[in-house]
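Descriptive structure summary
Next come the chains, spelled out residue by residue.
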Amino acid sequence: MQDRLALNPLLGPVLGPPRRSSGHSRWLLAVAAAFTVVQLIVVVPGSGLGWDEAVYVSQVGGNAPPAFFSAPRARGISYLVAPVASWTASTTAIRVYLALLSGSAFYVCLWIWRKVLTTAVLACAGALFATLWITLYYGPEVMPNLWCAFGALAAVGCVLRAIGRAGDRAAVVGAGVAVAVVGVMRPADGVWLALPLAASTLLVPGRRRPAVFAAIVGGLVIGAAPWVIEAYLHYGGLSARLHRASEIQGGLGWNVAVDDQVRTLAGRSLCRPCNVPWRYPLTAAWWFALPVVVVGGIVAAFRAHRGSAALLATVTAASMAVPYLFFIDYAAPRFLLPAYALLALPAGECGVFLLSGVRLAPRPVTAAVLALVLAGHLSIQLGVLARMTAVNRSMRAHYTAVAAGLHRLGVRPPCMVTGYMAVPIAYYAGCSSRQPSGHDASITPDGIRAAQRDMPVAVIVADSHVPPPRYARSWRPVSLPDERGRPAYRVYLPPGSAGSVTSKDATRRLPTPPEKRSLGVTGVRTISREHSCTHRSPGAAQNAGQTLLLKVDEATARATTSMFCWTDPPS
């Protein structure tokens, strides 16, 4: 072994044998616990589900029938929340569950690395990643990106352990499982993760591990299998789904989105189109410092004979960041969470080196400067986090008020909402959401007209200056006044629909918001074909025995007969 390393001095540090951590796991546990506590105190209370979250939760339960599932989406995060969302629509319960689960997963990912890096490096890296507002905000969110980050972190650690010790079978299995987790959450991320990891197991002389390569490829295939199978069942094949997914994302090609990602760091969950000014440069200071810190960490890691971790983590992070920086024309800060998680490792190496190995200044001076810089960084991150959570709570109050207005207009489950912001509004109202055009096209105008004969249907437009769609121009308009600075909505209801109510009445809040009503629309079920059900709506006994037919298929928008049955929520 030593002779082989002597022939190639970079081979040993690049994929050298792992070293056992000299510290204790209690520091890793402390980092994960602090990460969890901040989520529970700052992010969880009063938060509501956004557009994407409503889609994912509705697939397995929640407050409404399943929303349309567009081609780019994968069901991994829906599987993750199913144990809670299948029995309660409480947003708080889902948030607490994900906060606890994300904290536990974070600890496990750091623990995997304990035989590769020292505890000091892992604790520093974990603290750096956990204190980003993006990491904290998306910890309890029903979004897949942070789980891709955890999967990537675990996968790289397992691969390093497996190629460093041929007999570490647990690491081989762990590498496959971690890649599968990323694949089921976001298949494209799984591909970009597997590429550098698979190459590292085959292309480095003296460190070829066919078993690890097979585990990585097998994990990717297993993880992406549900998405691929669904493509053939509902989207006309894999190529058709990929083509549709590319259309929805604006067309995949050469698009430099680096500046767009920088703008999102000021507190934007999505920047599309990203033509907003860059007003808060300090929020991106860490982003511009990160490449310098990573290079310093790689150098420090090689000096400590831990170059394998820093180099492979950096290469994998770059691979997973490439599509979001150069192939799409919009940005969301959560897209780069896997890259940030991996780059935190060389950044941790740099931090430990500055505290223990630098000789340019007395150690107390170095520690004081670092503490000052980190305190400023932390204050900025927590400030952005506070702003994001405030926006989320305002959004929840807004959608709750709109849903209450729809209920007072007679739009109650089973019901359908279409038009502006139909997905979140329908979720909060307990209705199905359908669109006749756009990315979520899942029904025709004729289908909407047919549905309104069997259930309440509401068409939402942004304000009084926006005309309704052609099929609803003869419908009855009702204005919903402004709510907490949000734009006013105009609701169009079919002629003869229930609820002869004024605009003022329509905006009065219900006694309890959707997430406080347990299942809210308890008893919502999708029933296929020729079965029938009884519609037992309070104050609508004349509708007993009514069969509700809805010609729509969630996945393909093909004409399919199905219906929704609703029973009264428990008193």
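This text gives an overview of the structure that appears in the document. Keep in mind that what you see is a predicted model, and the values were worked out from it rather than measured.

**Structural notes on the layout of surface pockets**
- Approximately 730 Å³ is the volume found for the second largest pocket.
- Taken together, 27 residues line the second largest pocket, and the ones lying closest to its centre are Leu128, Val293, Val373, Leu374 and His377.
- At the level of elements, α7 (119–130), α15 (285–303), α17 (337–356) and α18 (363–408) are the ones that each hand at least two residues to the lining of the second largest pocket.
- Per-element accounting of the lining of the second largest pocket gives the leading share, 10 residues, to α18.
- Each residue belonging to the lining of the second largest pocket can be placed in one class, and the counts come to 23 nonpolar, 4 polar and no charged.

**Observations concerning the nonpolar core**
- Within the largest apolar cluster, 131 residues are counted, with the highest numbers of intra-cluster contacts made by Trp113, Phe129 and Tyr340.
- Top contributing element to this core by residue count: helix α9 (residues 145–164), with 15 residues.
- Setting aside chain neighbours within four positions, we find tyrosine 340 in contact with Phe129, Leu132, Ile134, Leu265, Trp286, Trp287, Leu290 and Pro333.
- By size, the runner-up hydrophobic cluster in this structure holds 12 residues, among which are Ile443, Ala451, Met455 and Val459.

**Quick word on the pairing of strand β1 (residues 416–419)**
- Bridge count for β1 against strand β2 (residues 432–433) is 2 bridges, and the pairing is parallel. If you follow methionine 416 over to β2, its bridge partner there is serine 432.
- Tracing the backbone out of β1, into helix α19 (residues 422–429) and back to the parallel element β2 gives a crossover that is right-handed.

**Considering the packing of aromatic side chains**
- Applying the stated criterion across every chain, the model contains 18 aromatic pairs.
- Judged by centre distance (5.7 Å) and plane angle (65 degrees), the ring pair of tyrosine 420 and tyrosine 489 falls under edge-to-face. One end of the pair, tyrosine 420, is in the loop between β1 and α19; the other, tyrosine 489, is in strand β5 (residues 489–493), with 69 residues separating them in the sequence.
- Take tyrosine 420: its relative accessible area is 36%, and that puts it in the partly exposed class.
- An aromatic cluster is present here, built from Phe35, Phe106, Phe129, Trp147 and Phe150 joined pairwise through their rings.
- Taking NZ or CZ as reference, arginine 73 lies 5.3 Å from the ring centre of tyrosine 56, over its face.
- Residue placement shows arginine 114 over the ring face of tryptophan 111; its charged tip is 3.7 Å from the ring centre.

**Quick notes on the sheet that holds strand β3 (residues 457–461)**
- One open sheet holds the 5 strands; their spatial order is β2-β1-β3-β5-β4, and the pairing between them is mixed. Among the strands making up the open sheet, the edge pair consists of β2 and β4 (476–480).
- Of the strand pairs in this sheet, β1 and β3 are connected by 4 bridges, and their pairing is parallel. By the bridge assignment for β3, glycine 419 is matched with isoleucine 460.

**Comments concerning the packing of α9 against helix α16 (residues 307–326)**
- Closest axis-to-axis distance for the α9/α16 pair is 10 Å, and the angle between their directions is 140 degrees. Between α9 and α16, the crossing angle belongs to the class labelled oblique. When you trace α9 past α16, the crossing you get is right-handed. Residues Ala152, Val156, Val159 and Leu160 of α9 form the contact with α16, whose own contacting residues are Ser308, Ala309, Leu312, Ala313, Thr316 and Met320.

**Here we look at the pattern of salt bridges**
- On inspection of all chains with the given rule, the structure shows 13 salt bridges.
- As a salt-bridge pair, glutamate 141 and arginine 95 come within 3.4 Å of each other at their nearest N and O atoms. Of this pair, glutamate 141 sits in the loop between α8 (133–138) and α9 while arginine 95 sits in helix α6 (residues 91–112); the two residues are 46 residues apart in sequence, bridging distant segments of the chain. An identical accessibility class is assigned to glutamate 141 and arginine 95; each is buried.
- Here aspartate 168 makes a salt bridge to arginine 161, at a shortest N to O gap of 3.4 Å.
- Classification of aspartate 168 as buried rests on a relative accessible area of 15%.

**Regarding α6**
- Between the first and last C-alpha of α6 there are 31 Å, a value that for 22 residues agrees with the 32 Å anticipated at 1.5 Å per step.
- Within α6, the full set of buried residues consists of Thr91, Ile94, Arg95, Leu98, Ala99, Ser102, Gly103, Ala105, Phe106, Cys109, Leu110 and Ile112.

**Observations regarding unusual backbone geometry**
- Of note, the amide linkage connecting arginine 272 to proline 273 takes the cis form, showing an omega dihedral of -5 degrees.
- Relative to the assigned elements, proline 273 resides in the loop between α14 (258–264) and α15.
- Proline 413 connects to proline 414 through a cis peptide bond whose omega is -5 degrees.
- Locating proline 414 in the fold gives a position in the loop between α18 and β1.
- Although it is not a glycine, histidine 305 adopts a positive phi angle of roughly 60 degrees.
- The exposure class of histidine 305 is exposed, given its relative accessible area of 52%.
- A positive phi angle, near 50 degrees, is found at methionine 421, a position not held by glycine.
- Summarising the element assignment, methionine 421 is placed in the loop between β1 and α19.

**Concerning the state of the cysteines**
- Tallied over the entire structure, the rule returns 2 disulfides.
- Residue pairing for cysteine 271: its cysteine sulfur links by disulfide to cysteine 274, the two sulfurs lying 1.9 Å apart. Taking the torsion about the S-S bond as the criterion, the cysteine 271 to cysteine 274 disulfide, at about 85 degrees, is right-handed.
- According to the relative accessible area criterion, cysteine 271 is buried, its value standing at 2%.
- Overall, cysteine 274 belongs to the buried group, its relative accessible area being 11%.
- Paired through a disulfide, cysteine 415 and cysteine 431 show a sulfur-sulfur distance of 1.9 Å. Taking the sign of the S-S torsion, -85 degrees for the link of cysteine 415 and cysteine 431, the bridge is left-handed. Pair noted here: cysteine 415 is in the loop between α18 and β1 and cysteine 431 is in the loop between α19 and β2, with a separation of 16 residues, a long-range link.
- Unpaired in this structure, cysteine 350 has its nearest cysteine sulfur neighbour in cysteine 124, at a distance of 8.7 Å.

Criteria and cut-off values
- Residues numbered from 1 in each chain as written.
- Predicted model: local features only at pLDDT ≥ 70, side-chain atom pairs only at ≥ 80, totals over all residues.
- Heavy atoms only, no water.
- 1 Å grid on protein atoms, 1.4 Å probe; cavity = no way out; pocket = protein on both sides within 12 Å on 5 of 7 lines; lining within 4 Å.
- Points joined across faces, edges and corners; volume = space filled by probe spheres on them.
- Helix = DSSP H or I, 4+ residues; strand = E, 2+ residues; numbered from the N terminus.
- Nonpolar A, V, L, I, M, F, W, Y, C, P; charged D, E, K, R; others polar.
- Core = buried A, V, L, I, M, F, W, Y, C linked by side-chain atoms within 4.5 Å.
- Buried < 20%, exposed > 50% of the residue type's maximum accessible area, 1.4 Å probe, protein only.
- Contact = heavy atoms within 4.5 Å.
- Pairing = 2+ DSSP bridges.
- Right-handed = clockwise from strand over helix to strand, strands pointing away.
- Phe/Tyr/Trp six-rings, centres within 6.5 Å; stacked < 30°, edge-to-face > 60°.
- Lys NZ or Arg CZ within 6 Å of the ring centre and 35° of its normal.
- Axes fitted to C-alpha atoms, helices over the stretch in contact; angles between N-to-C directions.
- Parallel < 35°, antiparallel > 145°, perpendicular 65-115°, else oblique.
- Left-handed = near helix turned anticlockwise from the far one by under 90°.
- Salt bridge = Lys/Arg side-chain N within 4 Å of Asp/Glu carboxyl O.
- Expected span 1.5 Å × (residues − 1).
- Disulfide = S-S within 2.5 Å.

Take it as geometry only, folks, not as evidence of what the structure does.
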